[in-house]
Amino acid sequence: AAAAAAAAAPAPRGLLQPEMAAPPHAGRPPALSLGPGDGLASPAATAWAAVELKRPASVSEGCPKALPACAPLAAKTVVAFLACAMASEVLCMVASQASGPMDGPSPRRALSRQGRWWYIKVAYGVASAVLVVTAGFLCRRANTTHIRLAACAALLYWSMSLFEYSAMYYPFGSDQGRYFTIADFVFSASAEMITIELTVARVDAVRKPMQLHCHRCLNAVRVFMLVVLAGAAPFAALTFGWMSCWMAYCAILEFGLLAFTACSLSACREPLRAALWARKSHKLLSDGEAEQAFRTMFLLVVSILLCHAALHLRLVATVSVEMGSPRPGVFPIRIVNTLSWCVAAVSLVTLSGARHVAPRSAVELTDAQRAQRETAASSSNISDPDPWQAKVEELAGRGVSLEALLDFWADLPRVMPHYEPSVHTTRDVVWQAIIPGSRVGASGGCAMATLMMGATYTRPKKMVSHSWGASFRDLVAAVVADALGDSEFGTAAALLEQGEPSLRNLLCARGKLQDTYWICAFSISQHSAICGEAAFGGVDPILGTPHPTCTCRAPKHRNSDPPLREDGKSIPCELNKFTDMMELLAATDDAFQQVIVVDSQAEVFTRAWVVDEIAMAHRLGMPQHLKVRKASVVDEHEGHLRRLRVQDMQATRREDVDDILGRIPDKRAFNVHLQHIIFDVGSGLIASWRALDAQQALERVGRTL
């Protein structure tokens, strides 16, 4: 149902340029083989797939990049080379002392007589260094299961290289050489098994959400390869010295590996054809978007080809050498092996999706962050809290579940018959739906969240920071995208606008409907703040009439209205306690997070309260997540973001700006700190947003189709 709705509906505003909108008969993509009853994907659905396949646009000069610089990478490789060479020599020395004198011809002696031993030694050192650097690179970016699997495979390849190098010191046919060779086979087979599982996971990431049928051949060959590889060590131990049996085993393994690679490429055929059609059609996508879509899918295919090249090269070299003269072939087979390890290192980085992932930021709280949380926690544990703390506790219990938010969205056309998703902002919805809907009787009202949650005290898991001047549809879509683990909400916005019921079904299947969020538009009682002041309302963009004011008689409380606290802040006012509430929730819930909804003009970073919330969340060590409509928004407004100053922040009420600026003694230092929060390479908001794993990009394709 989702596939049909997404395919038939017009493209959402903002995703497609007006001149690119093509009629339904403007062309068709290649037919996609879908599950039973799913039908064929239309050009619009295929184009959406291509949009979601694209990586974030190239960053301009000065913006944080995930890839390390060449000089540090070269230095790390040199250090790793020296460390690996030393570790290999130490291992061989220890093994030699334990096994006693070694007599007889060995690969090392054969190569020394030929004057090639030092070439082999340098080749092994370089290949081992590349594997160590690759493993470190992947471990620093181990944000997903796929990258963690790739890191394990790289470590296993390095262990394999260490044992294979050590085996060269022992005579042909010796027990010591046999043990090292068997250990080499164990690590090699284990690394290949992980690589196979990683390949299947990457293919499934694009196929399953697209509702494509299960690729039975791929699964069958996968099981066959796992069984064959699991028996590598026992088979090598039992048939050691029986060259004919070993050659037969290598032939079977090579055949299975070729079949697995072919099935993997076959499983990628449909999404690759969709991306290729989007690149050639020029109907619904710009040239840049289509090119990025094709490159992403092309990179996946190339990674599948390269990731098994290490075992391919090793099997081919082993078979070719053993079919000829063994001893003269020692040198070429060792060189081919070292080359295969370097190919494996590159393929693991590309296949796992770690190439665009920024390093993981430290998860440990600093002393200052821990102290601030402990202070907030101690304040909440007082048996008889003061009125200020009681109000903070009350605000902290006004979370809204995602299910309640979707119910409000579905009922919005009834409350606002003229509601237009692409035009009306959150401010429009607050004045024409939330304020009237949260009025209780003639004397006042309550927070909309209280009614939506049945007056149940609900602690939120995340706080949403957003601009009231941005689209309300985008606000809801950003919350949906966050629940789905997506960093872009363009697809969710399109499905919401179409009223697609499968979106709710997807959230229900993932168990996300009961996720709770704190959204100021719903969680603040507008009847105690702004409902009666026409100056804050504005004009409806469709009707052209001023927003209606509420006639309730509920008392309004400004920042400085009595009763006051010692520092002059109003106790009953709800608008001056956002940061206190964040402190309380972060102190009582280590998993409390912040979601920042970035509008198409990135104006959210110019709002005083949003900047204050971002700074407080960073100070508390809360995880922060950017949600954008499309990747290009960040790049288009990077220059503007680098010029942000707290002195230029805006708010609906001037007193809010004055209150926030009054709490910042050194505004210049705060501006520097704000730039650090946004642009820091390791832990900044943009760097974290760019750390989206390729798996999520592929899953977005499936949800779109």
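Quick caveat: nothing in here was measured; it's all calculated off a predicted structure.

Student: Could you give an account of the pattern of salt bridges, naming the residues involved and the relevant values?
Tutor: Here the structure, examined in full by the defined rule, presents 18 salt bridges. Arg398 is the salt-bridge partner of Glu394, the closest N and O atoms lying 2.5 Å from each other. Relative accessible area serves as the criterion here: at 34%, Glu394 is assigned to the partly exposed category. Close ionic contact of Arg504 with Asp407 constitutes a salt bridge, the shortest N to O distance being 3.0 Å. Note that Arg504 is positioned in helix α22 (residues 501-509) and Asp407 in helix α17 (residues 402-415), a separation of 97 residues in sequence. One continuous salt-bridge network, built from bridges that share partners, spans Lys391, Glu394, Arg398 and Glu574.

Student: Explain empty space enclosed by the protein to me, using residue names and the numbers behind them.
Tutor: This structure, assessed with the given rule, holds six cavities of 30 Å³ or more. Around the largest cavity, the lining is made up of 24 residues, and of these Trp468, Cys520, Trp609, Thr652 and Asp656 lie nearest the centre. Looking at the lining of the largest cavity, the elements that each hand over two or more residues are α18 (426-437) and α25 (608-620). The biggest single contributor to the lining of the largest cavity is α25, with four residues. Looking at the lining of the largest cavity residue by residue, the classes come out as 13 nonpolar, six polar and five charged.

Student: Go over the state of the cysteines with me, naming the residues and quoting the values.
Tutor: The final tally for this structure, using the stated rule, is zero disulfides. Cys217 supplies the cysteine sulfur nearest to Cys263, a cysteine that is in no disulfide, at a spacing of 5.1 Å. For Cys263, a relative accessible area of 11% gives the class buried.

Student: Now, about the packing of aromatic side chains: what can you tell me, with residues and values included?
Tutor: Counted according to the given criterion, the structure contains seven aromatic pairs. Here Phe472 and Phe522 contribute two aromatic rings whose centre-to-centre distance is 6.2 Å and whose plane-to-plane angle is 45°, an arrangement assigned as tilted. Here the residue Phe472 occupies a position in helix α20 (residues 472-483), and Phe522 occupies one in helix α23 (residues 520-523), the gap between them amounting to 50 residues. For Phe472, a relative accessible area of 0% gives the class buried. With relative accessibility at 0%, the residue Phe522 sits in the buried group. Through a chain of ring-to-ring contacts, the aromatic side chains of Phe408, Trp409, Tyr419, Phe472 and Phe522 assemble into a single cluster. Directly above the aromatic system of Trp388 lies the positively charged group of Arg565, at a separation of 3.8 Å from the ring centroid.

Student: So what's going on with the sheet that holds strand β6 (residues 593-598)? Which residues, and what values?
Tutor: The strand order across the open sheet formed by five strands is β1-β5-β4-β6-β7, and the pairing between neighbours is mixed. Since the sheet does not close on itself, it has two edges, and those belong to β1 (400-401) and β7 (624-628), each with one partner. Contacting β4 (462-465), β6 and β7, α25 crosses the sheet at an angle of about 145° to β6.

Student: A description of unusual backbone geometry should follow, citing residues and the corresponding values.
Tutor: For the peptide bond that leads from Pro562 to Pro563, omega is 0°, which places it in the cis range. Summarising the element assignment, Pro563 is placed in the loop between α23 and α24 (578-588). One non-glycine residue, Ala455, adopts positive backbone phi at about 60°. Inspection of the secondary structure assignment puts Ala455 in the loop between α19 (448-452) and β4.

Student: Can you break down the environment of Met622 residue by residue, with the values?
Tutor: Looking at where Met622 falls in the secondary structure, it is placed in the loop between α25 and β7. What makes Met622 buried here is its relative accessible area of 5%. Distance in space between the C-alpha atoms of Met622 and Lys462 is 9.8 Å, their sequence separation being 160 residues.

Student: Lay out the confidence of the model for the chain with the relevant residues and their values.
Tutor: Put simply, the chain has an average pLDDT of 74, and 68% of its residues get 70 or more. Low pLDDT, under 50, characterises residues 1-69; the stretch is placed with 166 contacts to residues that sit more than four places away or in other chains. Counted against residues more than four places away or in other chains, residues 701-705, with its pLDDT under 50, gives 24 contacts.

Student: Kindly report on the environment of Pro572, identifying the contributing residues and their values.
Tutor: Here Pro572 lies in the loop between α23 and α24. Along the primary structure Pro572 and Asn559 are separated by 13 residues, whereas in three dimensions their C-alpha atoms are 9.0 Å apart. Setting aside chain neighbours within four positions, we find Pro572 in contact with Lys391, His557, Pro562, Pro563 and Lys577.

Student: Residue-level account of α22, with values.
Tutor: Burial in α22 covers these residues: Ser502, Leu503 and Leu507. All buried residues of α22 lie within an arc of 145° about the axis, which places them on one face of the element. Residues Pro501, Cys508 and Ala509 are exposed on α22 and point more than 90 degrees away from its buried face. Backbone geometry just downstream of α22 places Gly511 in the positive-phi region, at approximately 70°.

Procedures and definitions
Residues numbered from 1 in each chain as written. Predicted model: local features only at pLDDT ≥ 70, side-chain atom pairs only at ≥ 80, totals over all residues. Heavy atoms only, no water. Salt bridge = Lys/Arg side-chain N within 4 Å of Asp/Glu carboxyl O. Buried < 20%, exposed > 50% of the residue type's maximum accessible area, 1.4 Å probe, protein only. Helix = DSSP H or I, 4+ residues; strand = E, 2+ residues; numbered from the N terminus. 1 Å grid on protein atoms, 1.4 Å probe; cavity = no way out; pocket = protein on both sides within 12 Å on 5 of 7 lines; lining within 4 Å. Points joined across faces, edges and corners; volume = space filled by probe spheres on them. Nonpolar A, V, L, I, M, F, W, Y, C, P; charged D, E, K, R; others polar. Disulfide = S-S within 2.5 Å. Phe/Tyr/Trp six-rings, centres within 6.5 Å; stacked < 30°, edge-to-face > 60°. Lys NZ or Arg CZ within 6 Å of the ring centre and 35° of its normal. Pairing = 2+ DSSP bridges. Contact = heavy atoms within 4.5 Å. Axes fitted to C-alpha atoms, helices over the stretch in contact; angles between N-to-C directions. pLDDT = per-residue confidence, 0-100. Arc of directions from axis to C-beta.

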